[in-house]
Each structure stands twice: as structure tokens, then as C-alpha cells.
Amino acid sequence: MTWKRWLIAAAVAIPAVVAGGLWFLIRNVEDGLCGSTPIRKVPSPSGSRSIVIYERDCGATTRAALNISLGAATALDAPNESGNVLVGDDGHDASVPLDARITWESECSASDF
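Residues numbered from 1 in each chain as written. Predicted model: local features only at pLDDT ≥ 70, side-chain atom pairs only at ≥ 80, totals over all residues. Heavy atoms only, no water.

K.L.:
Please provide a residue-by-residue account of the nonpolar core, values included.
P.N.:
In this structure, V42, I51, I53, L66, I68, A100, I102 and W104 together form the largest nonpolar core, which totals eight residues. Put simply, the parts of the chain that give this core at least two residues each are β2 (49-57), β3 (65-72) and β5 (102-106). Contact partners of I53, with chain neighbours within four places excluded, come to P38, I39, R40, L66, N67, I68, A100 and I102. (Core = buried A, V, L, I, M, F, W, Y, C linked by side-chain atoms within 4.5 Å. Buried < 20%, exposed > 50% of the residue type's maximum accessible area, 1.4 Å probe, protein only. Helix = DSSP H or I, 4+ residues; strand = E, 2+ residues; numbered from the N terminus. Contact = heavy atoms within 4.5 Å.)

K.L.:
So what's going on with the sheet that holds strand β1 (residues 35-43)? Which residues, and what values?
P.N.:
Spatial ordering of the open sheet is given by β1-β2-β3-β4, a layout of four strands whose pairing is antiparallel. This sheet does not close on itself; its edge strands, each paired only once, are β1 and β4 (86-88). Ignoring which end each strand starts from, the neighbouring axes of this sheet average 20 degrees apart. Pairing between β2 and β3: eight bridges, direction antiparallel. In the sheet register, I51 faces β3, and the bridge partner there is L70. (Pairing = 2+ DSSP bridges. Axes fitted to C-alpha atoms, helices over the stretch in contact; angles between N-to-C directions.)

K.L.:
How would you explain the environment of V87 if you had to name every residue and give the values?
P.N.:
Here V87 lies in strand β4. Setting aside chain neighbours within four positions, we find V87 in contact with A65, L66, N67 and S82.

K.L.:
Got a sec to walk through the pattern of salt bridges? Specific residues and values, please.
P.N.:
Side chains that carry opposite charge are capable of pairing whenever their charged atoms lie near each other. A complete count under the given rule lists one salt bridge for this structure. Among the salt bridges present, the one from R49 reaches E107, with a minimum N-O distance of 3.8 Å. Note that R49 is positioned in strand β2 and E107 in the loop between β5 and β6 (109-112), a separation of 58 residues in sequence. In this structure E107 comes out as partly exposed when scored by relative accessible area, which is 24%. (Salt bridge = Lys/Arg side-chain N within 4 Å of Asp/Glu carboxyl O.)

K.L.:
How would you summarise the pairing of β1 if you had to cite specific residues and measurements?
P.N.:
With eight bridges joining them, β1 and β2 adopt antiparallel strand pairing. The residue bridging T37 from the neighbouring strand is E55, located in β2. Here β1 folds back onto β2 in antiparallel fashion, the turn holding five residues, of which G47 has a positive phi close to 85 degrees.

K.L.:
Before we move on, can you summarise the pairing of β6 with the specific residues and values?
P.N.:
Relative to β6, β5 runs antiparallel, the two sharing four bridges. Note that in β6 the partner of W104 across the bridge is A110. Counting the residues that bridge the hairpin from β5 to β6 gives two residues.

K.L.:
Tell me about the environment of C34, and please be specific about residues and values.
P.N.:
Counting through the fold element by element, C34 comes out in the loop between α1 (3-33) and β1. Residues C34 and A64, spaced 30 residues apart in sequence, show a C-alpha to C-alpha distance of 9.8 Å.

K.L.:
An account of the side chain of S69 is needed here, citing residue identities and associated values.
P.N.:
By secondary structure assignment, the location of S69 is in strand β3. Classification of S69 by relative accessible area gives buried; the value is 8%. Here Y54 takes part through its side chain, which lies 3.3 Å from a polar atom of the side chain of S69. (Polar contact = N/O pair within 3.5 Å; in protein donor to acceptor, adjacent residues only side chain to side chain.)

Listed below in C-alpha cells is the structure:
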């Protein structure tokens with residue numbers, strides 16, 4: 001390989017490695033700053049799926065938010081990510097706990113009350 005080809009290869013490879021490293025770092029640091037506290041896990045009638053209700057808090061500069069996720073029954077009690085059904089933060093008073101009441105109507109339908 002000539003020096004020009006080495007230079008072109010380096011010009012492509014170095015930014016790609018740096019970008020990939022930054023993406024990996026940002027992605028992992030973001031997850032580490034937040035924590036999830038389970039409130040309730042509601043299994044479906046057959047037990048194959050569950051709705052997980054949890055509070056997610058990302059530190060002193062943000063408020064805790066109610067999150068609801070739907071997933072396999074074997075999923076974690078409180079995933080370390082935002083909910084895939086609901087993320088709710090209405091600027092509530094910190095002395096009032098976040099909560100949601102959900103029941104399954106059938107294997108494919110749930111409602112709140």
C-alpha cells in the first residue's frame with residue numbers, strides 16, 4: 001500500500017472509531033445516571049406478559065416520572081429505561097407518590113381505574 005492509501009484509510013477509520021466510542025460512552029453513561037423503582041407488576045391472565053409500573057428518576061435536576069412498560073412476564077420488575085407504554089411527569093408535588101392502577105380485561109386488553 002502506498003502512503004496515500006494509508007492516509008485515506010486512516011482518515012476514514014479514525015473518525016469511525018472515535019464516533020463509535022463516543023456513542024458507546026454516551027449510551028452507557030446515560031443509563032447509569034437514572035434509576036428505576038418498581039411500584040407494581042401486573043401479570044396478564046395467562047401469565048405470558050406483564051405490565052410493569054415503575055418510577056424513573058434521573059437525579060437532582062429532574063423530577064421522578066411514572067413509567068409503564070408492557071413486556072414478557074420474565075422481564076425485569078423495573079427496566080432501566082423509559083417506559084414503552086407511558087412516561088408521565090405532570091410536575092407533581094414531591095410529597096404525592098406516583099402511582100397507577102391497571103387491570104387486564106383480557107389477554108390483549110388492559111385498562112386503568
